[in-house]
Number of protein chains: 2
Amino acid sequence: MHPHCSVFIATSVDGFISRRDGALDWLTKPEFLDQRGLGLPYERFIATVDAIVMGRKTFETARDFPEWPYEGRTVVVLSARELALPPRLHGKVVADGGAPAAIAARLAAAGHRHLYIDGGQTIRRFLAAGLIRELTLTRVPVLLGDGIPLFAADGGGSRLEHLQTSAAANGLVQSRYRVLPAA
Amino acid sequence: MHPHCSVFIATSVDGFISRRDGALDWLTKPEFLDQRGLGLPYERFIATVDAIVMGRKTFETARDFPEWPYEGRTVVVLSARELALPPRLHGKVVADGGAPAAIAARLAAAGHRHLYIDGGQTIRRFLAAGLIRELTLTRVPVLLGDGIPLFAADGGGSRLEHLQTSAAANGLVQSRYRVLPAA
(Lines give C-alpha, C1' and ligand atoms only; values in the text may rest on other atoms or scores of the structure.)
Protein backbone atom coordinates (compact mmCIF):
# COMPACT_ATOMS: atom_id res chain seq x y z
CA MET A 1 0.00 0.00 0.00
CA HIS A 2 1.62 3.21 -1.16
CA PRO A 3 0.97 6.54 0.47
CA HIS A 4 -0.69 9.32 -1.53
CA CYS A 5 2.07 11.17 -3.43
CA SER A 6 1.47 14.74 -4.59
CA VAL A 7 3.38 17.25 -6.65
CA PHE A 8 2.87 20.94 -5.91
CA ILE A 9 5.21 23.16 -7.86
CA ALA A 10 5.49 26.47 -9.67
CA THR A 11 7.03 26.90 -13.10
CA SER A 12 7.53 29.72 -15.54
CA VAL A 13 5.16 29.59 -18.52
CA ASP A 14 8.04 28.04 -20.47
CA GLY A 15 8.29 25.27 -17.89
CA PHE A 16 11.37 26.09 -15.84
CA ILE A 17 11.50 25.58 -12.06
CA SER A 18 14.57 27.75 -11.59
CA ARG A 19 17.14 29.65 -13.57
CA ARG A 20 20.16 27.63 -14.70
CA ASP A 21 22.06 28.56 -11.51
CA GLY A 22 19.09 27.64 -9.29
CA ALA A 23 17.90 31.24 -8.78
CA LEU A 24 14.23 31.75 -7.89
CA ASP A 25 14.20 35.56 -8.08
CA TRP A 26 11.44 35.48 -10.74
CA LEU A 27 9.21 33.44 -8.39
CA THR A 28 9.86 35.08 -5.04
CA LYS A 29 8.87 38.56 -6.22
CA PRO A 30 6.50 40.27 -3.78
CA GLU A 31 3.81 40.47 -6.46
CA PHE A 32 3.61 36.66 -6.61
CA LEU A 33 3.30 36.05 -2.86
CA ASP A 34 -0.42 36.74 -3.05
CA GLN A 35 -2.14 33.42 -3.74
CA ARG A 36 -5.70 34.67 -3.28
CA GLY A 37 -7.79 33.27 -6.08
CA LEU A 38 -5.85 30.02 -6.42
CA GLY A 39 -7.85 26.85 -5.78
CA LEU A 40 -5.18 25.28 -3.54
CA PRO A 41 -2.87 27.78 -1.84
CA TYR A 42 0.45 26.37 -0.64
CA GLU A 43 -0.40 26.79 3.03
CA ARG A 44 -3.52 24.67 2.66
CA PHE A 45 -1.62 22.03 0.67
CA ILE A 46 1.34 21.74 3.05
CA ALA A 47 -0.98 21.38 6.04
CA THR A 48 -2.10 18.01 4.61
CA VAL A 49 1.44 16.68 4.04
CA ASP A 50 3.30 14.55 6.57
CA ALA A 51 6.52 13.74 4.72
CA ILE A 52 8.50 15.34 1.92
CA VAL A 53 10.74 13.62 -0.62
CA MET A 54 13.08 15.88 -2.54
CA GLY A 55 16.21 15.78 -4.66
CA ARG A 56 19.60 16.86 -3.43
CA LYS A 57 19.54 20.17 -5.33
CA THR A 58 16.12 21.11 -3.97
CA PHE A 59 17.36 20.22 -0.47
CA GLU A 60 20.48 22.31 -0.83
CA THR A 61 18.35 25.32 -1.78
CA ALA A 62 15.95 24.81 1.14
CA ARG A 63 18.80 24.08 3.59
CA ASP A 64 20.10 27.61 3.12
CA PHE A 65 16.77 29.37 3.65
CA PRO A 66 16.80 31.63 6.74
CA GLU A 67 14.12 29.38 8.27
CA TRP A 68 13.81 25.61 7.64
CA PRO A 69 10.46 25.41 5.84
CA TYR A 70 9.55 21.82 6.80
CA GLU A 71 9.74 21.92 10.60
CA GLY A 72 7.83 19.03 12.16
CA ARG A 73 7.74 16.91 8.99
CA THR A 74 9.88 14.00 7.89
CA VAL A 75 12.17 15.00 5.04
CA VAL A 76 13.80 12.40 2.79
CA VAL A 77 16.49 13.51 0.36
CA LEU A 78 17.04 11.26 -2.66
CA SER A 79 20.75 10.73 -2.39
CA ALA A 80 23.10 7.77 -2.25
CA ARG A 81 25.64 9.88 -0.38
CA GLU A 82 25.53 11.22 3.16
CA LEU A 83 24.22 14.77 3.51
CA ALA A 84 26.16 17.65 4.99
CA LEU A 85 23.62 18.76 7.60
CA PRO A 86 23.84 21.98 9.58
CA PRO A 87 23.22 21.43 13.31
CA ARG A 88 19.63 22.71 13.15
CA LEU A 89 18.70 19.85 10.78
CA HIS A 90 20.27 16.93 12.67
CA GLY A 91 17.67 14.22 13.11
CA LYS A 92 15.18 15.97 10.83
CA VAL A 93 16.47 15.00 7.39
CA VAL A 94 17.56 11.60 6.10
CA ALA A 95 19.24 10.59 2.86
CA ASP A 96 17.83 7.63 0.96
CA GLY A 97 19.44 6.23 -2.19
CA GLY A 98 16.65 3.75 -2.89
CA ALA A 99 14.19 3.55 -5.77
CA PRO A 100 11.01 5.66 -5.54
CA ALA A 101 8.77 2.66 -4.80
CA ALA A 102 11.04 1.49 -1.99
CA ILE A 103 11.15 4.97 -0.44
CA ALA A 104 7.37 5.30 -0.66
CA ALA A 105 6.95 1.86 0.93
CA ARG A 106 9.34 2.69 3.78
CA LEU A 107 7.51 5.94 4.49
CA ALA A 108 4.16 4.16 4.40
CA ALA A 109 5.45 1.54 6.85
CA ALA A 110 6.49 4.38 9.14
CA GLY A 111 2.91 5.64 9.14
CA HIS A 112 3.14 8.44 6.59
CA ARG A 113 0.03 8.99 4.50
CA HIS A 114 0.61 11.98 2.25
CA LEU A 115 3.97 12.56 0.62
CA TYR A 116 4.97 15.80 -1.08
CA ILE A 117 7.36 14.98 -3.94
CA ASP A 118 9.54 17.94 -4.86
CA GLY A 119 12.31 18.80 -7.31
CA GLY A 120 12.40 18.26 -11.07
CA GLN A 121 14.35 15.02 -11.28
CA THR A 122 12.62 13.53 -8.24
CA ILE A 123 9.19 14.37 -9.63
CA ARG A 124 10.05 12.79 -12.99
CA ARG A 125 11.36 9.62 -11.30
CA PHE A 126 8.22 9.26 -9.18
CA LEU A 127 6.01 9.93 -12.21
CA ALA A 128 7.91 7.34 -14.26
CA ALA A 129 7.41 4.87 -11.40
CA GLY A 130 3.65 5.52 -11.49
CA LEU A 131 3.59 6.76 -7.90
CA ILE A 132 2.19 10.29 -8.27
CA ARG A 133 -1.54 10.62 -7.64
CA GLU A 134 -2.04 14.36 -7.88
CA LEU A 135 -0.28 17.16 -9.72
CA THR A 136 -0.75 20.85 -8.90
CA LEU A 137 1.10 23.16 -11.26
CA THR A 138 1.18 26.91 -10.82
CA ARG A 139 2.35 28.91 -13.82
CA VAL A 140 4.11 32.18 -13.13
CA PRO A 141 3.55 34.76 -15.92
CA VAL A 142 7.10 34.98 -17.21
CA LEU A 143 9.23 33.38 -19.91
CA LEU A 144 12.69 32.67 -18.54
CA GLY A 145 14.11 31.50 -21.86
CA ASP A 146 16.57 29.21 -20.07
CA GLY A 147 16.73 27.29 -16.81
CA ILE A 148 16.14 23.92 -15.19
CA PRO A 149 13.01 22.36 -16.68
CA LEU A 150 10.35 20.59 -14.63
CA PHE A 151 9.71 18.06 -17.36
CA ALA A 152 12.16 16.46 -19.73
CA ALA A 153 12.16 13.54 -22.13
CA ASP A 154 12.70 11.04 -19.29
CA GLY A 155 9.32 11.17 -17.59
CA GLY A 156 6.44 8.76 -17.35
CA GLY A 157 3.41 8.90 -19.61
CA SER A 158 -0.01 9.14 -17.99
CA ARG A 159 -3.49 10.24 -18.72
CA LEU A 160 -4.59 13.09 -16.48
CA GLU A 161 -7.98 14.06 -15.16
CA HIS A 162 -8.34 17.82 -14.92
CA LEU A 163 -9.70 18.73 -11.50
CA GLN A 164 -9.59 22.49 -11.29
CA THR A 165 -7.97 25.57 -12.82
CA SER A 166 -7.91 28.94 -11.18
CA ALA A 167 -6.19 32.26 -11.79
CA ALA A 168 -5.09 34.94 -9.35
CA ALA A 169 -5.19 38.66 -10.08
CA ASN A 170 -1.36 38.72 -10.29
CA GLY A 171 -1.44 36.29 -13.23
CA LEU A 172 -0.58 33.06 -11.40
CA VAL A 173 -2.55 30.22 -13.00
CA GLN A 174 -2.95 26.98 -11.10
CA SER A 175 -4.14 23.68 -12.60
CA ARG A 176 -4.77 20.55 -10.56
CA TYR A 177 -4.83 17.09 -12.12
CA ARG A 178 -5.41 13.55 -10.92
CA VAL A 179 -2.83 11.23 -12.46
CA LEU A 180 -4.50 8.18 -14.01
CA PRO A 181 -2.81 4.91 -14.94
CA ALA A 182 -1.09 4.95 -18.35
CA ALA A 183 -3.51 4.38 -21.25
CA MET B 1 6.56 48.56 -38.22
CA HIS B 2 6.16 44.88 -37.47
CA PRO B 3 2.91 43.03 -37.90
CA HIS B 4 1.20 41.53 -34.85
CA CYS B 5 2.70 38.05 -34.29
CA SER B 6 0.72 35.46 -32.33
CA VAL B 7 1.39 31.97 -31.06
CA PHE B 8 -1.55 29.58 -30.74
CA ILE B 9 -0.50 26.07 -29.83
CA ALA B 10 -1.45 23.00 -27.82
CA THR B 11 0.95 21.09 -25.61
CA SER B 12 0.74 18.17 -23.25
CA VAL B 13 0.87 19.15 -19.57
CA ASP B 14 4.56 18.19 -19.67
CA GLY B 15 5.11 20.67 -22.49
CA PHE B 16 5.47 18.54 -25.62
CA ILE B 17 3.98 19.58 -28.96
CA SER B 18 4.28 16.11 -30.50
CA ARG B 19 5.69 12.70 -29.75
CA ARG B 20 9.35 12.19 -30.67
CA ASP B 21 8.33 10.92 -34.15
CA GLY B 22 5.98 13.87 -34.70
CA ALA B 23 2.79 11.94 -33.88
CA LEU B 24 -0.21 13.96 -32.70
CA ASP B 25 -2.47 11.02 -31.79
CA TRP B 26 -2.78 12.25 -28.18
CA LEU B 27 -4.07 15.63 -29.43
CA THR B 28 -6.36 14.62 -32.29
CA LYS B 29 -8.49 12.34 -30.12
CA PRO B 30 -12.22 12.95 -30.69
CA GLU B 31 -12.65 13.92 -27.02
CA PHE B 32 -10.35 16.93 -27.52
CA LEU B 33 -12.05 18.31 -30.65
CA ASP B 34 -14.66 20.01 -28.51
CA GLN B 35 -13.33 23.49 -27.69
CA ARG B 36 -16.49 24.79 -26.08
CA GLY B 37 -15.54 26.62 -22.92
CA LEU B 38 -12.19 27.87 -24.22
CA GLY B 39 -11.81 31.64 -24.37
CA LEU B 40 -10.32 31.64 -27.88
CA PRO B 41 -11.29 28.63 -30.00
CA TYR B 42 -8.99 27.89 -32.96
CA GLU B 43 -11.61 28.81 -35.56
CA ARG B 44 -12.03 32.26 -34.08
CA PHE B 45 -8.27 32.76 -33.85
CA ILE B 46 -7.45 31.62 -37.39
CA ALA B 47 -10.15 33.89 -38.83
CA THR B 48 -8.06 36.89 -37.70
CA VAL B 49 -4.79 35.64 -39.25
CA ASP B 50 -3.62 36.62 -42.73
CA ALA B 51 -0.24 34.92 -42.92
CA ILE B 52 1.41 31.95 -41.24
CA VAL B 53 5.11 31.42 -40.54
CA MET B 54 6.12 27.88 -39.66
CA GLY B 55 9.14 25.63 -39.45
CA ARG B 56 9.95 22.96 -41.98
CA LYS B 57 8.83 20.11 -39.72
CA THR B 58 5.49 21.74 -39.00
CA PHE B 59 5.04 22.35 -42.72
CA GLU B 60 5.86 18.75 -43.60
CA THR B 61 3.18 17.57 -41.16
CA ALA B 62 0.55 20.00 -42.52
CA ARG B 63 1.52 19.27 -46.16
CA ASP B 64 0.39 15.67 -45.76
CA PHE B 65 -2.99 16.45 -44.20
CA PRO B 66 -5.91 15.31 -46.42
CA GLU B 67 -6.93 18.96 -46.79
CA TRP B 68 -4.50 21.92 -46.81
CA PRO B 69 -5.52 23.78 -43.66
CA TYR B 70 -4.35 27.28 -44.67
CA GLU B 71 -6.20 27.82 -47.94
CA GLY B 72 -6.37 31.51 -48.86
CA ARG B 73 -3.56 32.57 -46.53
CA THR B 74 0.09 33.29 -47.24
CA VAL B 75 2.30 30.57 -45.78
CA VAL B 76 6.02 31.13 -45.20
CA VAL B 77 8.20 28.17 -44.26
CA LEU B 78 11.42 29.00 -42.41
CA SER B 79 13.89 27.18 -44.61
CA ALA B 80 17.07 28.04 -46.44
CA ARG B 81 16.40 25.23 -48.90
CA GLU B 82 13.75 24.95 -51.59
CA LEU B 83 10.60 23.09 -50.56
CA ALA B 84 9.29 19.98 -52.25
CA LEU B 85 5.75 21.17 -52.96
CA PRO B 86 2.92 18.95 -54.15
CA PRO B 87 1.01 20.48 -57.09
CA ARG B 88 -1.89 21.63 -54.91
CA LEU B 89 0.47 23.95 -53.00
CA HIS B 90 2.27 25.61 -55.92
CA GLY B 91 2.12 29.37 -55.48
CA LYS B 92 0.65 29.08 -51.98
CA VAL B 93 3.76 28.40 -49.92
CA VAL B 94 7.16 30.08 -50.01
CA ALA B 95 10.42 29.21 -48.31
CA ASP B 96 12.34 31.99 -46.56
CA GLY B 97 15.73 31.46 -44.96
CA GLY B 98 15.88 34.95 -43.43
CA ALA B 99 15.96 36.06 -39.83
CA PRO B 100 12.61 36.41 -38.02
CA ALA B 101 12.69 40.23 -38.08
CA ALA B 102 13.40 40.29 -41.83
CA ILE B 103 10.57 37.85 -42.53
CA ALA B 104 8.14 39.86 -40.40
CA ALA B 105 9.20 43.07 -42.15
CA ARG B 106 8.74 41.51 -45.62
CA LEU B 107 5.28 40.27 -44.69
CA ALA B 108 4.36 43.68 -43.26
CA ALA B 109 5.53 45.36 -46.47
CA ALA B 110 3.28 42.97 -48.40
CA GLY B 111 0.31 44.21 -46.36
CA HIS B 112 0.02 41.43 -43.79
CA ARG B 113 -1.19 42.53 -40.38
CA HIS B 114 -1.52 39.43 -38.20
CA LEU B 115 0.99 36.60 -38.40
CA TYR B 116 0.46 33.17 -36.86
CA ILE B 117 3.86 31.80 -35.78
CA ASP B 118 3.85 28.01 -35.55
CA GLY B 119 6.24 25.18 -34.69
CA GLY B 120 8.50 24.83 -31.65
CA GLN B 121 11.79 26.08 -33.06
CA THR B 122 10.12 28.87 -35.06
CA ILE B 123 8.21 30.06 -32.00
CA ARG B 124 11.38 30.10 -29.90
CA ARG B 125 13.28 32.05 -32.57
CA PHE B 126 10.51 34.66 -32.87
CA LEU B 127 10.28 34.92 -29.07
CA ALA B 128 14.05 35.36 -28.78
CA ALA B 129 13.82 38.11 -31.43
CA GLY B 130 11.17 39.90 -29.34
CA LEU B 131 8.57 39.67 -32.10
CA ILE B 132 5.74 37.74 -30.43
CA ARG B 133 2.93 39.89 -29.02
CA GLU B 134 0.46 37.26 -27.86
CA LEU B 135 0.75 33.70 -26.65
CA THR B 136 -2.22 31.32 -26.42
CA LEU B 137 -1.31 27.96 -24.90
CA THR B 138 -3.78 25.10 -24.61
CA ARG B 139 -2.78 22.28 -22.27
CA VAL B 140 -4.06 18.82 -23.11
CA PRO B 141 -4.58 16.67 -20.00
CA VAL B 142 -1.90 14.07 -20.63
CA LEU B 143 1.74 13.48 -19.70
CA LEU B 144 3.60 12.17 -22.74
CA GLY B 145 6.87 11.55 -20.87
CA ASP B 146 8.86 12.15 -24.05
CA GLY B 147 8.51 14.14 -27.26
CA ILE B 148 9.39 17.40 -28.95
CA PRO B 149 9.17 20.24 -26.43
CA LEU B 150 7.61 23.61 -27.17
CA PHE B 151 10.13 25.44 -25.02
CA ALA B 152 13.80 24.71 -24.55
CA ALA B 153 16.78 26.47 -23.08
CA ASP B 154 17.23 28.62 -26.21
CA GLY B 155 14.21 30.91 -25.96
CA GLY B 156 13.82 34.56 -25.17
CA GLY B 157 12.99 35.87 -21.70
CA SER B 158 9.95 38.11 -21.33
CA ARG B 159 7.51 39.25 -18.76
CA LEU B 160 3.96 38.16 -19.55
CA GLU B 161 0.63 39.76 -18.79
CA HIS B 162 -2.00 37.14 -18.12
CA LEU B 163 -5.09 37.92 -20.14
CA GLN B 164 -7.45 35.00 -19.66
CA THR B 165 -7.56 31.36 -18.60
CA SER B 166 -10.41 29.04 -19.37
CA ALA B 167 -11.08 25.32 -19.09
CA ALA B 168 -13.28 23.05 -21.20
CA ALA B 169 -15.24 20.11 -19.82
CA ASN B 170 -12.83 17.69 -21.55
CA GLY B 171 -9.93 19.05 -19.49
CA LEU B 172 -8.34 21.35 -22.07
CA VAL B 173 -7.01 24.44 -20.27
CA GLN B 174 -6.20 27.53 -22.29
CA SER B 175 -4.20 30.49 -21.06
CA ARG B 176 -3.67 33.67 -23.05
CA TYR B 177 -0.81 36.07 -22.38
CA ARG B 178 0.40 39.36 -23.75
CA VAL B 179 4.18 39.29 -24.19
CA LEU B 180 5.79 42.34 -22.62
CA PRO B 181 9.29 43.63 -23.29
CA ALA B 182 12.02 41.89 -21.28
CA ALA B 183 12.35 43.23 -17.73
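Values in this document were obtained by computation on a predicted structure and should not be read as measured data.

## What to know about the relation of the copies chain A and chain B
Part 1 of the argument: Structural alignment of chain A on chain B gives an RMSD of 0.0 Å, achieved by rotating through 180° and translating 0.0 Å along the axis. Seen this way, the second copy is the image of the first under a two-fold rotation axis. Distance from the rotation axis, computed per C-alpha, reaches its smallest value in chain A at Gly15(A): 3.6 Å.
Part 2 of the argument: Both copies present the same face, since 100% of the interface residues in chain A are matched by interface residues at the equivalent positions in chain B.

## Considerations on the environment of Ala110(A)
Residues and elements named next belong to chain A.
Part 1 of the argument: One can find Ala110 in the loop between α3 (100-109) and β6 (114-118).
Part 2 of the argument: Among the residues examined, Ala110 registers a relative accessible area of 56% and is labelled exposed.
Part 3 of the argument: Each C-alpha atom, one on Ala110 and one on Val179, is 25 Å from the other, the two residues being 69 residues apart in sequence.

## A word on the confidence of the model for chain A
Part 1 of the argument: Scored by pLDDT, chain A has a mean of 94; 98% of the residues are at 70 or more.
Part 2 of the argument: Across the whole predicted complex the pTM is 0.94, and at the interface the ipTM reaches 0.94.

## Focus: the pairing of strand β1 (residues 4-12) of chain A
Residue and element names in this part refer to chain A.
Part 1 of the argument: For β1, the buried fraction is high: eight of the nine residues fall into the buried class.
Part 2 of the argument: The pairing of β1 with β6 spans three bridges and is parallel. Paired with Cys5 across the bridge in β6 is Leu115.
Part 3 of the argument: Alignment of β1 against strand β7 (residues 132-140), held across eight bridges, turns out to be parallel. Across the sheet, Ser12 pairs through a bridge with Val140, a residue of β7.

## Examining the sheet that holds strand β4 (residues 74-78) of chain B
Part 1 of the argument: The nine strands are arranged β8(A)-β10(B)-β11(B)-β7(B)-β1(B)-β6(B)-β3(B)-β4(B)-β5(B) in an open sheet whose pairing can be described as mixed. Looking at the sheet topology across the chains shown, the edges are occupied by β8 (142-143) of chain A together with β5 (93-96) of chain B.
Part 2 of the argument: Of the pairings in the sheet, the one linking strand β3 (residues 51-55) of chain B to β4(B) comprises five bridges and is parallel in character. Within β4(B), the residue paired with Met54(B) across the bridge is Val77(B).
Part 3 of the argument: Strands in contact with helix α4 (residues 120-128) of chain B are β8 of chain A together with β1 (4-12), β3, β4, β6 (114-118) and β7 (132-140) of chain B; relative to β6(B), the strand with the most contacts, it is inclined by about 125°.

## A look at the interface of chain A and chain B
Part 1 of the argument: Opposite the 31 residues of chain A that make contact, chain B presents 31 residues.
Part 2 of the argument: Across the chain A/chain B interface, buried area totals approximately 2300 Å², and carbon plus sulfur atoms make up 66% of it.
Part 3 of the argument: At the junction of chain A with chain B, the criterion picks out zero salt bridges.
Part 4 of the argument: Elements with a contribution of two residues or more to the side of chain A that touches chain B: β7, β8, β10 (158-167) and β11 (173-179) of chain A.
Part 5 of the argument: Broken down by element, the side of chain A that touches chain B gets its largest block of residues, six residues, from β10(A).
Part 6 of the argument: Partitioning the side of chain A that touches chain B into residue classes produces 16 nonpolar, nine polar and six charged.
Part 7 of the argument: As paired elements, β10(A) and strand β8 (residues 142-143) of chain B share two bridges and run antiparallel to each other. By the bridge assignment for β8(B), Ser158(A) is matched with Leu143(B).

So, how was this worked out
Residues numbered from 1 in each chain as written. Chains lettered and ligands numbered in written order. Predicted model: local features only at pLDDT ≥ 70, side-chain atom pairs only at ≥ 80, totals over all residues. Heavy atoms only, no water. Least-squares fit on C-alpha atoms with pLDDT ≥ 70 in both. Contact = heavy atoms within 4.5 Å. Helix = DSSP H or I, 4+ residues; strand = E, 2+ residues; numbered from the N terminus. Buried < 20%, exposed > 50% of the residue type's maximum accessible area, 1.4 Å probe, protein only. pLDDT = per-residue confidence, 0-100. Pairing = 2+ DSSP bridges. Axes fitted to C-alpha atoms, helices over the stretch in contact; angles between N-to-C directions. Buried area = accessible area lost by both parts, 1.4 Å probe. Salt bridge = Lys/Arg side-chain N within 4 Å of Asp/Glu carboxyl O. Nonpolar A, V, L, I, M, F, W, Y, C, P; charged D, E, K, R; others polar.

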